[in-house]
Amino acid sequence: MTLLCGLVVLAALAGGSLALAEWLDRDPALLALPVLAGSVLWLWLGGMAGLLLPAAWLWLAAMAGLTVFVGAGAGPAALARRAASAAFGLFVAGALVFWVLFAVRQPLFTQWDEFTLWGSACKMTCEQDVLFPAARGYLAGRGSLPGMMLLGYLFQFAAPGFAEWAVFAAYDTLYMAVAALAAALVGRGWRGAVLTGAAAVSLPFFFSVYQPGAVSQVYQSAMGDLALAFVFGGAVCLY
């Protein structure tokens, strides 16, 4: 059920990006990241008003409605042409791979980081449908920023219970949106998209955080490892 919820949200995200791309006459790969970031901001506003769950359902309805509205106006063929973007295909395919991979492996927070701080905040946000400082039983309200928890919440707000692996999958979806944006800026069709995407996805393997005595077996690190990989990896490549 959690996997199904994540895939439905991914489809809504992709549909909304396609619709905006058709409306603005842009590559949809350029819009996946802004749409995802704007979605988290929307959830934050809903959470501040004490309406986190209704805000999530309204977001899902808005993405579906936007896709249908633009698709009806421009025609399915127009959306299909937008979806043929190489960089956008990289985003959708990469995100699907991560969701299926983590649904099978089901990694846990405790495999690479302590659960007591941000992990418990993610769980309380999902289980209580509130911003984590307002959650019952949370004693470190200023321990983490809300973006991490709300991104995980977006992809499993309709699922029963809470799945740690879905937070990893949500963060890799964000990562693929960044990689797709880079691939779209490079251009050059499928060759440029695949080469740029492969370089982006490979960066964490070269710039990763070691656990005491061993290397983490989980690809995604939701703290800041991937952002650091881009910063240091990009600097090395530029050098």
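Going by the structure above, here's the rest.
Bear in mind that the values here come from a model prediction, so they are computed numbers and not experimental data.

1. Remarks on the packing of aromatic side chains
Move 1: Summed over all chains, the structure comprises seven aromatic pairs.
Move 2: A ring pair is formed by Trp 99 and Trp 165, whose centres lie 5.8 Å apart and whose planes are at 80°; its orientation type is edge-to-face. Linking Trp 99 in helix H5 (residues 86–105) with Trp 165 in helix H8 (residues 164–186), this pair joins segments that are 66 residues apart in sequence. One exposure class covers both Trp 99 and Trp 165, and it is buried.
Move 3: Taking 6.2 Å as the distance between ring centres and 35° as the angle between the ring planes, the aromatic pair formed by Tyr 153 and Phe 157 counts as tilted.
Move 4: Taken together, the ring pairs in this structure connect Trp 57, Tyr 153 and Phe 157 into an aromatic cluster.

2. Notes on helix H1 (residues 2–24)
The α-helix advances 3.6 residues per turn, and as a result positions three or four apart in sequence lie on the same side.
Move 1: An ideal rise of 1.5 Å per residue puts 33 Å on 23 residues; H1 measures up with 33 Å between its terminal C-alpha atoms.
Move 2: Of the residues one or two after H1, Asp 25 is the one with positive phi, at around 60°.

3. So, the environment of Ala 61
Move 1: Relative to the helices and strands, Ala 61 is located in helix H3 (residues 52–74).
Move 2: For the pair formed by Ala 61 and Ala 12, sequence separation is 49 residues and the distance between their alpha carbons is 8.7 Å.

4. Points about the state of the cysteines
What we call a disulfide is simply a covalent bond connecting the sulfur atoms of a pair of cysteines.
Move 1: Taken as a whole and judged by the stated rule, the model has zero disulfides.
Move 2: The thiol sulfur of Cys 5 is not disulfide-bonded, and the nearest other cysteine sulfur, from Cys 126, lies at 9.5 Å.
Move 3: Cys 5 sits in the buried class, given a relative accessible area of 8%.
Move 4: Cys 122 supplies the cysteine sulfur nearest to Cys 126, a cysteine that is in no disulfide, at a spacing of 6.7 Å.

5. Quick word on the packing of helix H2 (residues 32–48) against helix H7 (residues 146–154)
Move 1: Interhelical geometry of H2 versus H7 gives an angle of 100° and a closest axis separation of 9 Å. Looking at the two axes, H2 sits roughly perpendicular to H7. Residues Leu 36, Ser 39, Val 40, Leu 43 and Trp 44 of H2 form the contact with H7, whose participating residues are Pro 146, Gly 147, Leu 150, Leu 151, Tyr 153 and Leu 154.

6. Points about the pattern of salt bridges
Move 1: The tally for this structure, following the rule as stated, stands at two salt bridges.
Move 2: With a shortest N-O distance of 2.9 Å, Glu 22 and Arg 82 are connected by a salt bridge. Note that Glu 22 is positioned in helix H1 and Arg 82 in helix H4 (residues 76–83), a separation of 60 residues in sequence.
Move 3: Among the ionic contacts, a cluster of salt bridges with common partners joins Glu 22, Asp 25 and Arg 82.

How each quantity is defined
Residues numbered from 1 in each chain as written. Predicted model: local features only at pLDDT ≥ 70, side-chain atom pairs only at ≥ 80, totals over all residues. Heavy atoms only, no water. Phe/Tyr/Trp six-rings, centres within 6.5 Å; stacked < 30°, edge-to-face > 60°. Helix = DSSP H or I, 4+ residues; strand = E, 2+ residues; numbered from the N terminus. Buried < 20%, exposed > 50% of the residue type's maximum accessible area, 1.4 Å probe, protein only. Expected span 1.5 Å × (residues − 1). Disulfide = S-S within 2.5 Å. Axes fitted to C-alpha atoms, helices over the stretch in contact; angles between N-to-C directions. Parallel < 35°, antiparallel > 145°, perpendicular 65-115°, else oblique. Contact = heavy atoms within 4.5 Å. Salt bridge = Lys/Arg side-chain N within 4 Å of Asp/Glu carboxyl O.

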